[in-house]
Amino acid sequence: MRLSNLSKEKTKTFLIEYLTALNKSLKGKVKIEDEALQIIYNSTNGSPRLLSAMCHYLCSSSEFTGHLDKKIISKIMGDLEFKMELKRVTEKKKVIPKI
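Structure report, in brief.

Digging into the overall build of the chain
Logical step 1: Across its full length, the chain carries four helices and two strands.
Logical step 2: In the chain, the succession of helices and strands from N to C terminus is α-β-α-α-β-α.
Logical step 3: Counting all 99 residues of the chain, 28% fall into the buried class.
Logical step 4: Of the roughly 7,400 Å² of accessible surface on the chain, 56% is carried by carbon and sulfur atoms.

Below you can see the structure in the form of structure tokens.
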């Protein structure tokens, strides 16, 4: 099943609800600055799969307080992009045995 990409406003709602579901202590504390939301939306195109990966990454940090600004999002996008590139390079090196 393929989920449709979300609008910018639904992306914001998704992020708030998903982050709160992952970390109950964030209830009522998730704040997303407009500039950060724009970066997120431009980077993910509202893809629920990419948004959920970003939420898991955010919640894995003990320093995450629920506030998303341009600085935090830029760092996260850089980290996630690096991990995706590393995964691609690793997968290219796999040797598939010929049978």
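Re the environment of L50
Logical step 1: Along the chain, L50 falls in helix α3 (residues 48–59).
Logical step 2: Residue L50 is classed as partly exposed on the basis of its relative accessible area, which comes to 41%.
Logical step 3: Expressed as a C-alpha distance, the spacing of L50 and L80, which sit 30 residues apart in the sequence, is 9.9 Å.

Description of the packing of aromatic side chains
Logical step 1: Tallied over the entire structure, the rule returns one aromatic pair.
Logical step 2: Look at F14 and Y18: their rings are 5.3 Å apart centre to centre, the planes differ by 15°, and that puts the pair in the stacked class. Taken together, the residues span about one helical turn, with F14 and Y18 both in helix α1 (residues 8–22) at a distance of four residues.
Logical step 3: The exposure class assigned to Y18 is partly exposed, which follows from its relative accessible area of 26%.

Reading guide: rules and limits
- Residues numbered from 1 in each chain as written.
- Predicted model: local features only at pLDDT ≥ 70, side-chain atom pairs only at ≥ 80, totals over all residues.
- Heavy atoms only, no water.
- Helix = DSSP H or I, 4+ residues; strand = E, 2+ residues; numbered from the N terminus.
- Buried < 20%, exposed > 50% of the residue type's maximum accessible area, 1.4 Å probe, protein only.
- Areas by Shrake-Rupley, 256 points an atom, 1.4 Å probe, with all protein chains shown as cover.
- Phe/Tyr/Trp six-rings, centres within 6.5 Å; stacked < 30°, edge-to-face > 60°.

Scope: geometric values only; no functional claims are made or implied.
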